[in-house]
Amino acid sequence: MSSPQPDRPSRRALHRRLRRPIRGWVPVVATLGLTAALLPAAGPAAATLGDTLFPGQGNAGYEVRHYDVDLTYAPDTNHLDAVTHLRARAFTELASFHLDLEGLTVEAVTVDGTDATWTRQGHELVVTPATAVARGRFDVTVTYSGTPLEHTDPDGSTEGWVRSDTGDGATALGEPVGTMTWVPSDNTPGDKATWTFDITVPDGTEAAANGDLVSHDSDGASTTWTWVQDVPMATYLATVAIGQFDMAETTMTSIRGGEIPIWSFVDPTVGSTADAQALLPKVIRFEERRFGPYPGTSAGMIVDDVDVGYALETQDRPFYPYGLGTGALVHETAHQWYGDSVTLTDWHDIWLAEGFATYAQWLWDSAHGGASPAARFRALYAKPASSSLWHPAPVKFTDPADLFGAPSYQRGAMTLQALRARVGGEDFSRILRRWATEHRDGNVRTHQFEALAEQVSGRRHLDGLFDDWLRLDGKPRGY
Ligand SMILES: [Zn+2]
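Remember, predicted model here, so these are calculated numbers, not experimental data.

Another point: the overall build of the protein chain. Helices and strands together make up the secondary structure of the protein chain, namely nine helices and 23 strands. Relative to the globule expectation of 23 Å for 479 residues, the C-alpha radius of gyration of the protein chain, 22 Å, shows essentially globular dimensions. Once the C-alpha set of the protein chain is aligned to its principal axes, its extents read approximately 65 × 60 × 45 Å. When the 479 residues of the protein chain are sorted by exposure, 58% land in the buried category. When contacts within the protein chain are restricted to residue pairs at least 6 apart in sequence, long-range pairs at least 24 apart make up 70% of them.

Following this line, the structure appears as structure tokens:
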């Protein structure tokens, strides 16, 4: 995401959490040679994974492998009829489980093809199958409809299902939690899945989503747009954009010689984006040379008259509001590596996305006549100790309103420049590339980046540097 930075310091203590704590988990080895009496009976799965900043999001007991989202949308009335089919895997026997869904009316839920009962508890959709789900694969189908909600974030910004200013459609934006306004989901960045979207809209209306456009077929009255996302994707990066768009289908050549298809959707009322569309392949190749091969199967952009005040790195096809500039293009494209492909597990590691995307802007600017990253660092370091840049530390905040603050962006990028100054440019470049390639399509935490930096550089004592830049509440000294 790129946006104006809020200024809300938070100094509450951080509670480190284990990755995806699962209640009722029984290690396989513990079941060997034991009687069934020693095993727990099927029970309800916990409602939460315990994310540091959004403890109510995500669900324990299972993971989603694939989302098949089938939407029929009427732009004039903003009405949605939807069926989402999830292929999931239970970690243990489940008498019931939760999905995240805010708003809309649930009409039916089936589990493995059999009707299930459900209740709504806030944004939790609690599903009780007719018989407990056995450990292993299971399928869920949720049929639902209504007017999807916009969701207001702790920092006051708007996400979720956002209707366009001209009323020609809507764009779904999901960072950090908005995807639950249109997809019943395991709404945590730690659970990535592949996706299919079938979006049915009136003829003459376009529908964009993530992944590759497979078909758009009309029955004479309406058109179904089918998109397939075969690359694992976190829920917050899913998007659908519906409206009157100019669609551009092109291809570009990656630095390795392969072809990358590009599908871009631009609302003509936002003005010309010809320059940005011409620049996109150059930005991708620039970043490929620094970060490694482009991690997606396609690229593009969505530019819509949705006045949320920020751009968002929706996977493959970032969203831009009015006034798409080069900085946002470079930033959101860099997220395709850092954030979308290499995805944080817990929201308090957001600097792993925003610090890196900001640093990519510094690299671009420096290569195009602007200040060097070292000069950008020095200019920021000159800010007084009272600046919001230094509070709270990037991985030491617990107020979700601080998620998109200057510490995540600028201080995150400064962390990378401080590392570069310490280990040298060659090792720094290796670290950036190996981080992208070794964790491609995966989930990460900050300590893994620290370990990689120490491994690549052969320096065993970078913990002081990372503590100063990521954990010290205040201005680091001595740089
Ligand atoms: Zn960003």
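Let's shift gears to the sheet that holds strand S6 (residues 114-115). Taken together, eight strands build an open sheet; the order of strands is S6-S5-S9-S3-S2-S13-S16-S15 and the sheet is mixed. Edge positions in the open sheet fall to S6 and strand S15 (212-218), since each of these has one partner strand only. Where strand S3 (residues 79-90) meets strand S9 (residues 136-146), 11 bridges bridge the pair, whose relative direction is antiparallel. The partner of Ala88 across the bridge, within S9, is Phe138.

Looking now at the nonpolar core. Among the nonpolar cores identified, the biggest contains 76 residues, and Phe97, Phe138, Trp161, Trp182, Phe197 and Trp227 are the most heavily contacted of them. Counting residues per element, this core draws most heavily on strand S2 (residues 62-74), at six residues. Lining this core are residues from two domains, each supplying at least three of them: domain 1 (42-344) and domain 2 (347-471).

Evaluation of the coordinates by the stated rule reveals 31 aromatic pairs. A ring pair is formed by Phe449 and Phe466, whose centres lie 6.1 Å apart and whose planes are at 80°; its orientation type is edge-to-face. Of this pair, Phe449 sits in helix H8 (residues 446-457) while Phe466 sits in helix H9 (residues 463-471), and the two are 17 residues apart along the sequence. Taking relative accessible area as the criterion, Phe449 reaches 0% and is therefore assigned buried. Relative accessible area serves as the criterion here: at 1%, Phe466 is assigned to the buried category. Counting every residue linked through ring pairs, the aromatic cluster contains Phe291, Tyr294, Trp337, Tyr338, Trp351, Phe356, Trp435, Phe449 and Phe466. Here Arg290 stacks its cationic end above the ring of Phe286, 3.6 Å away from the centre of that ring.

Bringing the sheet that holds strand S19 (residues 259-266) into the picture now. Adjacent strands of a sheet pair through backbone hydrogen bonds, lying either parallel or antiparallel. Within the open sheet, the four strands sit side by side as S18-S19-S20-S21. Their pairing is mixed. In this open sheet, the two strands that pair with only one neighbour each are strand S18 (246-253) and strand S21 (319-320). In this sheet, S19 lies alongside S18 in antiparallel orientation, the contact comprising eight bridges. Counted as the bridge partner of Thr253 is Glu259 from S19.

A few words on the coordination of the zinc ion. At 1.9 to 2.3 Å from the zinc ion lie its protein donor atoms, namely Met1 (N), Met1 (O), His331 (NE2), His335 (NE2) and Glu354 (OE). The sequence motif formed by the donor residues of the zinc ion is M-x329-H-x3-H-x18-E. Taken as a pair, His335 in the loop between helix H3 (326-334) and strand S22 (343-344) and Glu354 in helix H4 (residues 351-367) lie far apart in primary sequence, 19 residues in all. Of the residues examined, His335 reaches a relative accessible area of 0% and is grouped as buried.

When cut into domains, the protein chain gives domain 1 (42-344) and domain 2 (347-471). A straight line from the C-alpha centre of domain 1 to that of domain 2 covers 27 Å. On the domain 2 side, the residues contacting the 41 residues of domain 1 number 34 residues. When domain 1 packs against domain 2, close to 3,300 Å² is buried across both sides, 67% of that on carbon and sulfur atoms.

About the cut-offs
Residues numbered from 1 in each chain as written. Predicted model: local features only at pLDDT ≥ 70, side-chain atom pairs only at ≥ 80, totals over all residues. Heavy atoms only, no water. Helix = DSSP H or I, 4+ residues; strand = E, 2+ residues; numbered from the N terminus. Rg over C-alpha atoms; globule rule 2.2 N^0.38 Å. Buried < 20%, exposed > 50% of the residue type's maximum accessible area, 1.4 Å probe, protein only. Contact = heavy atoms within 4.5 Å. Pairing = 2+ DSSP bridges. Core = buried A, V, L, I, M, F, W, Y, C linked by side-chain atoms within 4.5 Å. Domains from an automatic or database assignment. Phe/Tyr/Trp six-rings, centres within 6.5 Å; stacked < 30°, edge-to-face > 60°. Lys NZ or Arg CZ within 6 Å of the ring centre and 35° of its normal. Donors = N, O, S within 2.8 Å, 3.2 Å for Na, K, Ca; no water. Buried area = accessible area lost by both parts, 1.4 Å probe.

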